[in-house]
Amino acid sequence: MSDPVEDYLSSLAAALHGPKRTKARMVAEARGDLTDAVSERTRAGLSYEHAAEQAVRGFGTAAELIGSWQRELTIAQARHTARAVARTVPFVIVCWTLLQRADDSFWHLPRAAQHLAVVSAVAAVLAAVTLAATGTLARWFPTPDRLPLTIAWAGTAASMSMAIATLALALSAALGTDWVLLTFACVLAAASHALVAGSARSCRRCARLITDL
């Protein structure tokens, strides 16, 4: 026979999307509250099955909880994406700057690819704004509803610029003289793209979910 508490938690977890640690913490807290509620009822003489069913009904339906919980997870995912952008973009911009000074062959890269560093810089600024708006400032001001979607697309734009930079740097490393520095920058850009792209994709999904609620 299935456990009403575990069935409830499983359905709740399946409907929520966001950072794994944050979601795991929320589900663990719900499990703890439900376990305490079941224990109180079993001590009062109810069977475990009846106690679990009552505890679940008293906790609220999954549909009732998903809205507020998903909003919390979406904010957490927005902060996760903002941190990913804030941590990676500055290194990529520094690589572009170092390469400009290290080897004239850098200037043979397409101008469009060079200008993508500006896109990354704008994304970094938006990341800083997101971290402030969902952190300290959230104590006094409500978080803008469209902020998660904004940082999601900013992260997407930054990851695209990193992907293009990776291709351009790989080509420059093959043709240029300072191939060691160019290869290092290429690897760094590729790793940054992988980190930011995945987080931005998750953030877009979370933002769409709260829009549909």
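Conventions used here
- Residues numbered from 1 in each chain as written.
- Predicted model: local features only at pLDDT ≥ 70, side-chain atom pairs only at ≥ 80, totals over all residues.
- Heavy atoms only, no water.
- Core = buried A, V, L, I, M, F, W, Y, C linked by side-chain atoms within 4.5 Å.
- Buried < 20%, exposed > 50% of the residue type's maximum accessible area, 1.4 Å probe, protein only.
- Helix = DSSP H or I, 4+ residues; strand = E, 2+ residues; numbered from the N terminus.
- Domains from an automatic or database assignment.
- Disulfide = S-S within 2.5 Å.
- Axes fitted to C-alpha atoms, helices over the stretch in contact; angles between N-to-C directions.
- Parallel < 35°, antiparallel > 145°, perpendicular 65-115°, else oblique.
- Left-handed = near helix turned anticlockwise from the far one by under 90°.
- Contact = heavy atoms within 4.5 Å.
- Phe/Tyr/Trp six-rings, centres within 6.5 Å; stacked < 30°, edge-to-face > 60°.
- Lys NZ or Arg CZ within 6 Å of the ring centre and 35° of its normal.
- UniProt positions renumbered as here; feature names shortened; annotations may be inferred.

Right, let's talk about the nonpolar core for a bit. In summary, soluble globular proteins display a tendency toward joint burial of nonpolar side chains. Counting 20 residues, the largest nonpolar core has V5, Y8, L9, L12 and W69 as the members making the most contacts within it. When contributions to this core are tallied by element, the ones reaching two or more residues are helix 1 (4–15), helix 2 (20–43), helix 3 (48–59) and helix 4 (62–102). Ranked by residues supplied to this core, first place goes to helix 2 with 6 residues. Residue assignment places this core across two domains, with domain 1 (4–60) and domain 2 (65–212) each supplying three or more. If you look at the next biggest cluster of nonpolar residues, it comprises 16 residues, including A78, V85, I151 and M162.

Moving on, we come to the state of the cysteines. All told, the structure shown has 0 disulfides when counted by the stated rule. With no disulfide partner, C203 has as its closest neighbouring cysteine sulfur the one in C206, 6.5 Å distant. For C203, a relative accessible area of 0% translates into the label buried.

On to the packing of helix 2 against helix 3. Relative to each other, helix 2 and helix 3 sit at 130°, their axes nearing to 8 Å. What the angle tells us is that helix 2 and helix 3 run oblique. The hand of the helix 2/helix 3 crossing is right-handed. Only Y48, A51, A52, Q54, A55, V56 and F59 of helix 3 make contact with helix 2, whose side of the interface consists of A30, D33, L34, A37, V38, R41 and T42.

Following the criterion strictly, the structure yields 1 aromatic pair and no others. Seen from the ring of W153, R204 lies directly overhead, with NZ or CZ sitting 5.1 Å from the centre.

So, about the UniProt feature "transmembrane region" (unreviewed entry) in the protein chain. UniProt's entry tags residues 84–102, 114–138, 150–173 and 179–198 with the feature "transmembrane region" (unreviewed entry), counted in the numbering of this structure. As annotated, residues 179–198 comprises 100% helix and 0% strand, and the C-alpha atoms at either end are separated by 29 Å.

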